[in-house]
Amino acid sequence: MTLTEDKTLIDMIETKIEEEIIASINAEIEIIESERPADDTKNNETSRKGFRITEFDTPRDREMAVFTHAKKLSEYIFVITEKSPVKLRWNITSRLLNTSVDIIESLYRANFERGIERVEWQKKAMVSLNILDFYAETAKTKQAITFRQMEIIARQISEVKKMLSGWVRSTKRKDAKQAECEAMNAAKSKKIEQVNI
C-alpha cells in the first residue's frame, strides 16, 4: 500500500468512527425523548407513539455504554498506531496502546467490585484516561499521529470521562444509601435489644 492509500484508509476509518459516535448519540436522544411523558395539551386518543425499530438500539442488559465507548477508543488507537513511524513504535505508540487497554481492564475490574474497591478501580480508569490524553498530545507533537487523529481521541476520551463520572456518582449514591440503611437497621436492632432487656 502506498502512503496515500494508507491515509485514505485511515480517513475512512475515522469517518466511520465519527458516524458511529453520532449514531449512538442520536439513538440515546431518541430513547430519552421517547421516555418523556406526552404533553397534556395533545389529545391522547389521536396521538400515537412514534414507530421505532428496537433492533438498532443499544442493548441495555449487556454492557454499559462506558465499556462500549472505551472499547471503540482502544480499537481506534490500535488502528491508527499501526502506521506510526518505526522509531516511535516502541515508545509513545506502545504507551498509547497499553494505556487504552489498561482503561478497559480497570473498568471491568470496577464492574466486578463493590463499595470502596469499585471506586478505587474507577479512579484508576479516570487517571488512565488523563494519561492517555497526555500520550495522545505527545504522539501528535512527535508526529506519530495526525492532528485530526488526536482530536478524535480527545473527543472519545471526553465521552468516556463523562460516562465514567456518571458511574462514579451513581456508585457513591448507592453506597451512601446502603450505609444509611445499615445505620438505620443497626439503630433499630439496638432499640429492640434495649426493649427486650
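Residues numbered from 1 in each chain as written. Predicted model: local features only at pLDDT ≥ 70, side-chain atom pairs only at ≥ 80, totals over all residues. Heavy atoms only, no water.

## Describing the packing of aromatic side chains
Scanning all chains against the criterion turns up three aromatic pairs. Aromatic pair F134 and Y135: ring centres 5.7 Å apart, planes at 50 degrees, arrangement tilted. Among the residues examined, Y135 registers a relative accessible area of 13% and is labelled buried. Note that K124 overlies the ring of W121, its terminal NZ or CZ placed 4.2 Å from the centroid. (Phe/Tyr/Trp six-rings, centres within 6.5 Å; stacked < 30°, edge-to-face > 60°. Buried < 20%, exposed > 50% of the residue type's maximum accessible area, 1.4 Å probe, protein only. Lys NZ or Arg CZ within 6 Å of the ring centre and 35° of its normal.)

## Re the confidence of the model for the chain
Low pLDDT means the predicted coordinates in that region are not meant to be read closely. Chain-level pLDDT for the chain is 80 on average; 82% of the residues reach the 70-or-more range. Highest mean pLDDT in the chain belongs to helix α5 (residues 116-141) (92); lowest belongs to helix α1 (residues 3-35) (74). Counting contacts from residues 40-44, a segment whose pLDDT is below 50, to residues more than four positions away or on other chains yields one contact. Low pLDDT, under 50, characterises residues 55-61; the stretch is placed with three contacts to residues that sit more than four places away or in other chains. (pLDDT = per-residue confidence, 0-100. Helix = DSSP H or I, 4+ residues; strand = E, 2+ residues; numbered from the N terminus. Contact = heavy atoms within 4.5 Å.)

## Description of helix α2 (residues 65-81)
An ideal rise of 1.5 Å per residue puts 24 Å on 17 residues; α2 measures up with 24 Å between its terminal C-alpha atoms. All of the buried residues in α2 are V66, F67, H69, A70, L73, S74, Y76, I77, I80 and T81. (Expected span 1.5 Å × (residues − 1).)

## Quick look at the nonpolar core
Of all hydrophobic cores here, the largest spans 35 residues; its most connected members are V66, L107, I153 and L164. Among the secondary structure elements, those contributing two or more residues to this core are α1, α2, α4 (92-112), α5 and α6 (147-196). At nine residues, α6 tops the list of elements feeding residues into this core. Aside from chain neighbours lying at most four places away, what touches V66 is L107, V160, M163, L164 and W167. (Core = buried A, V, L, I, M, F, W, Y, C linked by side-chain atoms within 4.5 Å.)

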